[in-house]
Amino acid sequence: MPSYPDLPLPEDGKLAENLAHFARALRKAGLPVGPGRTLDAIRAVEAAGFARKDDFFHTLQAVFVSRPEERATFAQVFRLFWRDPRYMEHMMSLMLPQLRGVAEERAAQAAEKRAAEALLDGQLPPMPETGEAPEQIEIDASATMSAEERLKTLDFEQMSAAEIAEARRMLARLSLPVRPLVTRRSRATPAGRRIDPHRTLREALRRGGEITTLARKAPVTRWPNLIVLCDISGSMSDYSRMVLHFVHAVANRKGQGWARVHAFTFGTRLTNITRHLRARDVDAALRAAGAEAQDWSGGTRIGQSLHAFNRDWSRRVLGQGAVVLLITDGLDRDDAGLLAREIERLHLSCRRLIWLNPLLRWTGFAPKAAGIRAMLPHVDSFRAGHSIASLEALGRAVSDPGDSGEKARLLALLRE
């Protein structure tokens, strides 16, 4: 939990009013906070007291946070609202990163932009006087890219609450097409390219041995299974939530092409959430999945989680040419040897293993972490997974058996 300065005693008697303003900011940041929870928070603070900052933080978190994925947003709003020095300047730097001298420029952390947007109530601060002449716009290219196109390339972690809502609607429209698998079985068809000698002879025997027509056959095709292994640790929670919205849309779209879609989450332990994704309402589905996955926004044990999947689920769901999507940043502090063995076993058990890593959004990304170095040689394709555009590109990667993404380039860096 972040460190906060000591909280002042409510000498002016405005604690209830401040809690109401805080609840309003949480609601604007995306948390489902209503008048009932605000009254509960006031009663909880009266019962627990507010002399210690840790008690105050956890008391309000227990009232306002109902799902694990809401913790990051709550922590950021709390930090910015309750006595954070220069919090207004910091919020201005998040909303207007082009300003110089307001605050130190840096990328916003998880949920910071939504927290700043909620506390500023959508109003941007005035531009400071710099003494410089305003830039003259010779060519206005603002209309060359629509808001939807800009949103497609925006990082999930840097989206505001309104952008996340629009991104979820766009993800619900995405598809993940796949080519059917050609099996060794065949079926009778007049348009088949291959001659069926057995059926031809049987038909001839019925006619006294005379062959009048040649029976033909064609191979039987079927759809593979899609297996999703999604990392929900603290560093991946924002990305995992959006990816699971996409997976829910794929699992519930009829005629998509996949035989079945199986989904698992892992942080410190493996959780099967397949049955929850069958619910038609995406919010209800992810709420149920978050309630069952108790390790949301916790630590990461990729090797142990893959071991549990290979031991308990591999034979059940990976047969008949399944495609596996592994969504993780690969930052694992467990035994790298165990991780390498389990990812190799997973690779050998499926038809294709595609790894989505949000760290690939950085231009200078290099496979320096031990977990990434252990996993990279055992995947078929290594791609980014931080935006809507990257998930759209995933559809092309699944359909192309020869797609390897960034794997070849990063393997070359490992050999240097």
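Note that the structure is predicted; figures quoted are calculated from it, not measured.

Peer 1: Can you explain the packing of helix H2 (residues 35–48) against helix H3 (residues 53–64)? Please cite residues and give values.
Peer 2: Running from N to C, H2 and H3 cross one another at 150 degrees; their axes reach a closest spacing of 9 Å. Judged on the interaxial angle alone, H3 and H2 are roughly antiparallel. Regarding H2 and H3, the two cross each other, and that crossing is right-handed. Facing Arg37, Thr38, Asp40, Ala41, Ala44, Val45 and Ala48 of H2, the residues of H3 in contact are Phe56, Thr59, Leu60, Val63 and Phe64. Classifying every residue of the contact of H2 with H3 gives eight nonpolar, two polar and two charged.

Peer 1: So, the sheet that holds strand E5 (residues 261–266): which residues are in play, and what are the values?
Peer 2: Taking strand neighbours across the sheet as the criterion, the six strands line up as E6-E5-E4-E7-E8-E9 in an open arrangement whose pairing is mixed. Since the sheet does not close on itself, it has two edges, and those belong to strand E6 (270–272) and strand E9 (381–383), each with one partner. Adjacent strand axes in the sheet meet at a mean angle of 20 degrees when their direction is disregarded. Lying on the sheet, helix H14 (residues 336–349) is in contact with strand E4 (226–231), strand E7 (323–327) and strand E8 (352–356); it crosses E8 at an angle near 130 degrees.

Peer 1: Help me get a handle on unusual backbone geometry, residues and values and all.
Peer 2: A positive phi is found at serine 297, a non-glycine position, where the angle reads about 60 degrees. Structurally, the position occupied by serine 297 is in the loop between helix H11 (282–292) and helix H12 (302–312). A positive phi angle, near 60 degrees, is found at glutamine 320, a position not held by glycine. Counting through the fold element by element, glutamine 320 comes out in the loop between helix H13 (314–317) and E7.

Peer 1: Outline the side chain of threonine 328, supporting the account with residue identities and numerical values.
Peer 2: One can find threonine 328 in the loop between E7 and H14. A distance of 2.8 Å separates polar atoms of two side chains, one belonging to threonine 328 and the other to aspartate 231. For threonine 328, the residues in contact, after removing those within four places along its chain, are Asp231, Met236, Phe266, Ile302, Trp355, Leu356, Asn357, Pro358 and Met375.

Peer 1: How would you sum up helix H1 (residues 15–28)? Please name residues and give values.
Peer 2: Taking 1.5 Å of rise per residue, the 14 residues of H1 would be expected to cover 20 Å, and the 20 Å separating its terminal C-alpha atoms lies within 8% of that figure. For H1, every residue scored as buried is listed here: Leu15, Leu19, Phe22, Ala23, Ala25 and Leu26. End-on, the buried residues of H1 take up no more than an arc of 160 degrees, which puts them together on one face. Two residues or fewer after H1 comes glycine 30, characterised by a positive phi angle close to 115 degrees.

Peer 1: Describe the environment of methionine 159, with residues and values.
Peer 2: Inspection of the secondary structure assignment puts methionine 159 in the loop between helix H7 (147–152) and helix H8 (161–173). When its relative accessible area of 1% is taken as the criterion, methionine 159 is described as buried. Separated by 79 residues in the primary sequence, methionine 159 and aspartate 238 place their C-alpha atoms 9.9 Å from one another.

Peer 1: Lay out the sheet that holds strand E3 (residues 216–222) with the relevant residues and their values.
Peer 2: Overall, antiparallel pairing links the three strands, which are arranged E1-E3-E2 in an open sheet. On the outer flanks of this sheet lie strand E1 (181–188) and strand E2 (194–195), each paired with one strand and no other. Two strands pair when backbone bridges link them, and E1 and E3 are joined in this way by five bridges, in the antiparallel orientation. Within E3, the position partnered with arginine 187 by the bridge is alanine 218.

Rules used in this analysis
Residues numbered from 1 in each chain as written. Predicted model: local features only at pLDDT ≥ 70, side-chain atom pairs only at ≥ 80, totals over all residues. Heavy atoms only, no water. Axes fitted to C-alpha atoms, helices over the stretch in contact; angles between N-to-C directions. Helix = DSSP H or I, 4+ residues; strand = E, 2+ residues; numbered from the N terminus. Parallel < 35°, antiparallel > 145°, perpendicular 65-115°, else oblique. Left-handed = near helix turned anticlockwise from the far one by under 90°. Contact = heavy atoms within 4.5 Å. Nonpolar A, V, L, I, M, F, W, Y, C, P; charged D, E, K, R; others polar. Pairing = 2+ DSSP bridges. Polar contact = N/O pair within 3.5 Å; in protein donor to acceptor, adjacent residues only side chain to side chain. Expected span 1.5 Å × (residues − 1). Buried < 20%, exposed > 50% of the residue type's maximum accessible area, 1.4 Å probe, protein only. Arc of directions from axis to C-beta.

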